[in-house]
Amino acid sequence: MINTYAVNGRKFPKSFSNEVSELVVSPSCGAVSLFIGITRNNFEGKKVIHLEYEAYISMAETEIKKICRNIRQKWPSVKHIAVHHRLGVVPITEASVIIAVSSPHRAESLEAVMYCINTLKASVPIWKKEIYEDEYSWKENKECFWLKEKKTDIIYL
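Rules behind the numbers
- Residues numbered from 1 in each chain as written.
- Predicted model: local features only at pLDDT ≥ 70, side-chain atom pairs only at ≥ 80, totals over all residues.
- Heavy atoms only, no water.
- 1 Å grid on protein atoms, 1.4 Å probe; cavity = no way out; pocket = protein on both sides within 12 Å on 5 of 7 lines; lining within 4 Å.
- Points joined across faces, edges and corners; volume = space filled by probe spheres on them.
- Nonpolar A, V, L, I, M, F, W, Y, C, P; charged D, E, K, R; others polar.
- Patch = residues over 30% accessible without salt bridge, like charges linked within 9 Å, V, L, I, M, F, W, Y side chains within 5 Å.
- Areas by Shrake-Rupley, 256 points an atom, 1.4 Å probe, with all protein chains shown as cover.
- Salt bridge = Lys/Arg side-chain N within 4 Å of Asp/Glu carboxyl O.
- Helix = DSSP H or I, 4+ residues; strand = E, 2+ residues; numbered from the N terminus.
- Core = buried A, V, L, I, M, F, W, Y, C linked by side-chain atoms within 4.5 Å.
- Buried < 20%, exposed > 50% of the residue type's maximum accessible area, 1.4 Å probe, protein only.
- Contact = heavy atoms within 4.5 Å.
- Phe/Tyr/Trp six-rings, centres within 6.5 Å; stacked < 30°, edge-to-face > 60°.
- Lys NZ or Arg CZ within 6 Å of the ring centre and 35° of its normal.
- Pairing = 2+ DSSP bridges.

Novice: I would appreciate a short explanation of the layout of surface pockets in the present structure.
Specialist: To find leftover empty space, one rolls a probe the size of a water molecule over the atoms. Put simply, the second largest pocket is a space of about 170 Å³. Surrounding the second largest pocket, Lys 11, Phe 12, Pro 13, Lys 14, Phe 16, Ser 17, Ile 36, Ile 38, Thr 93, Glu 94, Ala 95 and Ile 98 form its lining. Here the residues of the lining of the second largest pocket are counted per class, giving seven nonpolar, two polar and three charged.

Structure follows, in structure tokens:
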């Protein structure tokens, strides 16, 4: 079983999604599910110029390894997993994240890919800055576990 992961500033060439899907192909698997997250040109009516990603790389890789372990526990038939996330500037229509999962049947690989991207956005320390025409905005993922926790200050007198 192969787990591959990378968090780096390398630009993904156009053929990279094919390379990532090839990493997970197995003769025992009838399904390879692939998710490619790309930069779109708009957000809430604003024109997006590009995205910029930053990460705490060692912690991000540790969290991605945990996600892979969890996938293997939840879907034992999953054969191979590949997760690659770019850092730095990501122009419009270019990929920022590619996830591929293989399994004997489609249901497991599709569910595992959805779990992987949702968990990645919720727990991996990768931050996104959207650059617009006249401004920019750091984005927090709505899925982040730390945003769901109510913060309360308790003062003892």
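Novice: Explain a nonpolar patch on the surface to me, please; I cannot follow it from the model alone.
Specialist: Judged by side-chain polarity, Tyr 56, Met 59, Trp 127, Tyr 136 and Trp 138 come together as a nonpolar surface patch covering roughly 570 Å² of accessible area. For Met 59, the location among the structural elements is in helix α2 (residues 57-74).

Novice: How should I be thinking about the nonpolar core in this particular structure?
Specialist: If you look at soluble globular proteins, the nonpolar side chains tend to sit buried side by side. Formed by 28 residues in total, the largest nonpolar core has its most connected members in Ile 71 and Ile 99. Within the residue set of this core, elements represented by two or more residues are β4 (46-55), α2, β5 (80-86), β7 (95-103), α3 (106-123) and β8 (126-132). Ranked by the residues each element gives to this core, the list is headed by α3, at six residues. Apart from residues lying up to four places away in sequence, Ile 71 is in contact with Val 78, Ile 81, Ala 112, Tyr 115 and Cys 116. Listed in part, the eight residues of the second largest apolar core include Phe 12, Phe 16, Val 20 and Val 24.

Novice: What is the right way to read the packing of aromatic side chains from this model?
Specialist: For any two aromatic rings, the description comes down to two numbers: the centre-to-centre distance and the angle of the planes. Applying the stated criterion across every chain, the model contains two aromatic pairs. Looking at Arg 86, its charged tip hangs above the ring of Phe 12, at a distance of 5.9 Å from the centre. The ring of Tyr 136 carries Lys 129 above its face, with NZ or CZ at 4.6 Å from the centroid.

Novice: Could you clarify how one ought to interpret the pairing of β5 in this entry?
Specialist: Taken residue by residue, a regular strand's side chains alternate between the two faces of the sheet. Within β5, seven of the seven residues are buried, which leaves it mostly tucked inside the rest of the structure. Of the two faces of β5, the one lined by His 80, Ala 82, His 84 and Arg 86 and the one lined by Ile 81, Val 83 and His 85 are each fully buried. Pairing geometry for β5 and β7, over six bridges, is antiparallel. Paired with Val 83 across the strands is Ile 99, a residue of β7.

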